[in-house]
Amino acid sequence: TKFFRPYCLVYLDQQLLQAKSKSCYSINKEANQYLKQCGFEFLSTSAEFCEPFPDTYIIKLKRFKGNISVIESDIINWIQDDIICLFPAIPSSLKKAIGENLFEIINNSIFHGANENGISIAGQFYPQKSYCEIAFYDAGVGIPKLVREFDSNFLECTDCQCIEWAIQNYNSTRNLDDPGGIGLNAVRTFLQKNNGTFQMVSGNGYYAENIDGITHASHTLLNNIDGTLVNLRIVIDLETYSLQRAI
C-alpha cells in the first residue's frame, strides 16, 4: 500500500493485536512514516521512512479496553487532550457535544464488542479536503450477531438490515430498564447538522450517510470483518479550525 487512512490503520492494528507475534511494513516510505508517527507498534525493522509529516495533523493511535466505568476518566481526558484541541475556536457547548458523541462510540464498542483487545482509534486532519477523519474499530462480536441474538426475527435479515435497525433511535440490544439505543443516533444527528459523514462496517454490511454526495448508502460487501468499524468525518473551517456549522 502507498498510504493509509485512519480506518485502515485501526483495522490493521486490531488484526496484528490478534496475531500478536506479527509485524509488517510497506514498500512505500510515506506509508511507513505515517504508521510510525501514529505510534503503530508492529512496524518491521525493515521499514524505510521519509521526512516526518506535520504532527498537528495526526491523531495518534489509541487503544481502550476493560470496564468502561474504570477507564471512563482516561477516555474523557484523551478526548479533551487529543481531539477537542483540534477545534479551539468553537463554543464550549460544541466542544461538549463533540466529546459526548466520541465517548458514546467508544462506550458502545467496548460494551457491545466484548473484544479482549478493546478498541483502536486513530484520526487525521486533511487540510486540502477541509475535514478531520476519526476511525474506531473493535474486532469483537459485531452488530449483526448481536441483533440476531437479541431478536430471532432478524435471522433471515442481511447484515446491512441489522446495522440499519441498530442505529435507529431507541433501538438497542441492551436488556436494561432505560430505553437505550440513543447513542449512535445522536452521533448521526450531530454529523448531519454539521455536514459530516458517518460510515459503519460490521460483518459484511456497509452503511453510510452523506458520503461522496450521497445522502444514504447501504450494501453488502464481498468480504466480512469481525466486529464493528465506525468512521467519522467532521468538516472543518480552515481559517478558524472550527466546525463549519453549529448545532
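Note that the structure is predicted; figures quoted are calculated from it, not measured.

Draft legend 1. A look at the pattern of salt bridges. Enumeration over the complete set of coordinates arrives at 7 salt bridges. Close ionic contact of Asp13 with Arg63 constitutes a salt bridge, the shortest N to O distance being 2.8 Å. Remark: Arg63 occurs in strand S1 (residues 58–64) and Asp13 occurs in helix H1 (residues 6–19); sequence separation between them is 50 residues. Measuring nitrogen to oxygen at the nearest pair gives 2.7 Å for the salt bridge that ties Glu209 to Arg188. Of this pair, Glu209 sits in strand S4 (residues 197–211) while Arg188 sits in helix H7 (residues 183–193), and the two are 21 residues apart along the sequence.

Draft legend 2. Highlighting the side chain of Ser44. With respect to the helices, strands and loops of the structure, Ser44 is situated in the loop between helix H2 (29–38) and S1. Excluding its chain neighbours within four sequence positions, the residues that come into contact with Ser44 are Ser23, Cys24 and Tyr25.

Draft legend 3. The packing of aromatic side chains, seen in detail. A complete count under the given rule lists 8 aromatic pairs for this structure. For the ring pair Phe40 and Phe42, a centre distance of 5.6 Å and an interplane angle of 65° mean the geometry is edge-to-face. Each member of the pair, Phe40 as well as Phe42, is classed as buried. An aromatic cluster is defined as three or more aromatic residues linked by ring pairs; in this entry it consists of Phe150, Phe154 and Trp165. Lying over the aromatic face of Tyr126, Arg5 brings its terminal NZ or CZ to 4.8 Å of the ring centre. It is Lys36 that lies over the ring of Phe49; its NZ or CZ is 4.5 Å from the centre.

Draft legend 4. Looking closely at the layout of surface pockets. By volume, the second largest pocket amounts to about 360 Å³. In terms of lining, the second largest pocket is formed by 16 residues, of which the most central are Phe4, Tyr34, Gln124, Phe125 and Tyr126. Of all the elements in the fold, those that place two or more residues in the lining of the second largest pocket are H2 and strand S2 (119–126). In terms of residue class, the lining of the second largest pocket is built from 10 nonpolar, 2 polar and 4 charged.

Draft legend 5. Up close: unusual backbone geometry. For Lys20, which is not glycine, the phi dihedral falls at a positive 70°. The topology assignment puts Lys20 in the loop between H1 and H2. You will see that Ala114, though not glycine, has its phi angle at about 50°, which is positive. The topology assignment puts Ala114 in the loop between helix H4 (92–113) and S2. Given a relative accessible area of 59%, Ala114 falls into the exposed group.

What counts and how
- Residues numbered from 1 in each chain as written.
- Predicted model: local features only at pLDDT ≥ 70, side-chain atom pairs only at ≥ 80, totals over all residues.
- Heavy atoms only, no water.
- Salt bridge = Lys/Arg side-chain N within 4 Å of Asp/Glu carboxyl O.
- Helix = DSSP H or I, 4+ residues; strand = E, 2+ residues; numbered from the N terminus.
- Contact = heavy atoms within 4.5 Å.
- Phe/Tyr/Trp six-rings, centres within 6.5 Å; stacked < 30°, edge-to-face > 60°.
- Buried < 20%, exposed > 50% of the residue type's maximum accessible area, 1.4 Å probe, protein only.
- Lys NZ or Arg CZ within 6 Å of the ring centre and 35° of its normal.
- 1 Å grid on protein atoms, 1.4 Å probe; cavity = no way out; pocket = protein on both sides within 12 Å on 5 of 7 lines; lining within 4 Å.
- Points joined across faces, edges and corners; volume = space filled by probe spheres on them.
- Nonpolar A, V, L, I, M, F, W, Y, C, P; charged D, E, K, R; others polar.

Just distances and angles here, no functional claims.
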